[in-house]
Amino acid sequence: MTDWPNGGSAGPRPDPTRVMPTDQRGGHSGYAGYDSGYNTGQVYAGSGYGGPGRGGFGPGDPGPGGAGPVDWGRRIKVGLITLLVVVLVWSVGTYFWADSKLRREVDLGIVQDRPEEGEGTTYLIVGSDSREGLSSEERKKLRTGSAGGKRTDSMILLHVGGQGTTMISLPRDSWVTIPEFTGSETGKTFPSPGARKLNAAYSMDGAPLLVRTIEYNTGLRIDHYAEIGFGGFAEIVDAVGGVELDIPRDIKDEKSGADFKKGRQTLDGAQALAFVRNRYEAGSDLERTKNQQKFLAALANQTATPSTVLNPFRLYPTMSAGLDTLIVDEDMGLFDLASMFWAMKDVTGGEGTSMNMPIAGSAPQGSLKWDMEKVKLLVGQLKNGEKVTVGSD
């Protein structure tokens, strides 16, 4: 017996001069699956190695681990679809969130004796002096005073038709006839109080009587109503980062808090409110309405921009500030609201007309009398979709 190294023993040692025949892979044909480690100079084949056609990989073939070439076209397609889905979900979610915040509190269906519908859409935009939701500190900052209840601080008719956009300010001191009406809360019928200042209609029975009075005196049907108070107005301005405005002259008014130097500047919420409320320094209610139109158009122009609409960090605060305090009619939707803002922007861009209701002169109690011949012509042009040629003095 011959001893193996390390004390092992076995049969006769193999004859080193005898070599087992090999197959083409370098393995011994007499030992299936046995690899002697002997290399004949050939490369391995079969299990992922070797040249093309022998189980290996070449150009366009899967590499080690079975990974194929990157399909960039498919990846881009999947990325675009994913982005589209995200944008769609975000848009739908934003729509329903904003729609749920609208305060649809005005029922235009109860307004009596309404004029026939004409061409286009007419909005009544009202700025009220409501202090609703304002703390004593905020009232002091905004210089709103502490009067209770609500009164109209500004009224604008915005008509959108085939011949463009027309923005018409209605002075709060307009001398008009308040017609007979049915109380929106009591259901009682009240006789006509006769001629009064226009803002008295709102004080008597709120938005429904204000709408009825304007329709009664003009013959123009109002399709939608939008109202915002002092606090909401200032919050919107602050949410968009202020509004840039070119002020034509130095303005200083103790009652409203307006204190501006002539020239282009950016107004924050409190400054903007002081500018549009400035009445005594302006010299007349007509001058004041021009300032209001100018500022509202500038606000709409700055709000309806990609930097606000496409930036959620500005869009959501702006929408939240406006929708929380904006009161609209029951039939007004977000698309109607968006159309209103875009129409106001058109006026800034020179695609519309801004004017005061035509005035014929003064009336009792320091009020303003409308030029009814021009008013009738103006309303006819709006209702018939004609170009507005009537000016205001």
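Residues numbered from 1 in each chain as written. Predicted model: local features only at pLDDT ≥ 70, side-chain atom pairs only at ≥ 80, totals over all residues. Heavy atoms only, no water.

## Re the pairing of strand 12 (residues 243–247)
Every second residue of strand 12 is oriented toward a common face, the buried set being Val-243, Leu-245 and Ile-247 and the non-buried set Glu-244 and Asp-246. Relative to strand 15 (residues 263–267), strand 12 runs antiparallel, the two sharing five bridges. Residue pairing for strand 15: Ile-247 is matched across the bridge by Gly-263. (Buried < 20%, exposed > 50% of the residue type's maximum accessible area, 1.4 Å probe, protein only. Helix = DSSP H or I, 4+ residues; strand = E, 2+ residues; numbered from the N terminus. Pairing = 2+ DSSP bridges.)

## Things to note about the side chain of Thr-122
Structurally, Thr-122 is set in strand 4 (residues 121–128). By relative accessible area, which is 2% here, Thr-122 ends up buried. If near-sequence neighbours (up to four positions away) are discounted, Thr-122 is found in contact with Leu-157, Leu-158, His-159, Leu-220, Arg-221, Ile-222, Asp-223 and His-224. (Contact = heavy atoms within 4.5 Å.)

## Details of the packing of helix 5 (residues 269–277) against helix 6 (residues 285–303)
It is the contact of helix 5 with helix 6, at a shortest axis distance of 8 Å, that shows an interaxial angle of 145 degrees. For the pair helix 5 and helix 6, contact is made by Ala-272, Phe-275, Val-276 and Arg-277 and by Arg-288, Asn-291, Gln-292 and Phe-295, respectively. A per-class count over the contact of helix 5 with helix 6 returns four nonpolar, two polar and two charged. (Axes fitted to C-alpha atoms, helices over the stretch in contact; angles between N-to-C directions. Nonpolar A, V, L, I, M, F, W, Y, C, P; charged D, E, K, R; others polar.)

## Topic: the sheet that holds strand 16 (residues 327–329)
Spatial strand order, 3-16-11-4-5-6-17: seven strands in an open sheet with mixed pairing. With one partner strand each, in any of the chains shown, strand 3 (103–106) and strand 17 (352–356) form the two edges of the open sheet. Between one strand axis and the next, the sheet turns through 25 degrees on average, direction left out of account. Lying over the sheet, helix 3 (residues 199–218) contacts strand 3, strand 4, strand 5 (152–161) and strand 11 (224–228), oriented at roughly 10 degrees with respect to strand 5.

## Examining the pairing of strand 7 (residues 174–178)
In the sheet, strand 7 pairs with strand 19 (residues 367–370) via two bridges, with the strands oriented parallel. Each residue of the ladder has a partner; that of Ser-174, found in strand 19, is Leu-368. Direction of pairing for strand 7 relative to strand 10 (residues 194–197): antiparallel, over a ladder of four bridges. From the neighbouring strand, Val-176 faces strand 10, where its bridge partner is Arg-196.

## Side note on the confidence of the model for the protein chain
Taken residue by residue, the protein chain gives an average pLDDT of 77. The fraction at 70 or more is 68%. Contacts of residues 1–10 to residues separated by more than four positions or lying in other chains number 10 contacts, the stretch itself having pLDDT below 50. Long-range and interchain partners of residues 40–57, a stretch whose pLDDT sits below 50, account for 22 contacts in this model, where long-range means more than four residues apart. (pLDDT = per-residue confidence, 0-100.)

## Focus on the nonpolar core
Most often, soluble globular proteins keep nonpolar side chains buried together rather than apart. One finds Phe-233, Phe-275, Phe-295 and Met-340 to be the most contacted residues of the largest nonpolar core, which totals 41 residues. Ranked by residue count, the leading element in this core is helix 9 (residues 334–348), at six residues. If we ignore the near neighbours within four places in the chain, the residues touching Met-340 are Tyr-123, Ile-125, Leu-158, Ala-226 and Met-332. Among the nonpolar cores identified, the runner-up in size contains 32 residues, and Val-111, Met-155, Val-176 and Ala-207 belong to it. (Core = buried A, V, L, I, M, F, W, Y, C linked by side-chain atoms within 4.5 Å.)

## Comments concerning the pattern of salt bridges
What the rule picks out here adds up to seven salt bridges. Across the pair Arg-212 and Asp-113 runs a salt bridge whose closest N-O atoms are separated by 3.5 Å. Taken together, the residues Arg-212 in helix 3 and Asp-113 in the loop between strand 3 and strand 4 connect sequence positions 99 residues apart. The exposure class assigned to Arg-212 is buried, which follows from its relative accessible area of 7%. By relative accessible area, which is 65% here, Asp-113 ends up exposed. Note that Arg-114 and Glu-215 form a salt bridge whose closest N and O atoms lie 2.5 Å from each other. Of the two residues, Arg-114 sits in the loop between strand 3 and strand 4 while Glu-215 sits in helix 3, which places them 101 residues apart along the sequence. We classify Arg-114 as partly exposed; its relative accessible area is 24%. Given the relative accessible area of 3%, Glu-215 is considered buried. (Salt bridge = Lys/Arg side-chain N within 4 Å of Asp/Glu carboxyl O.)

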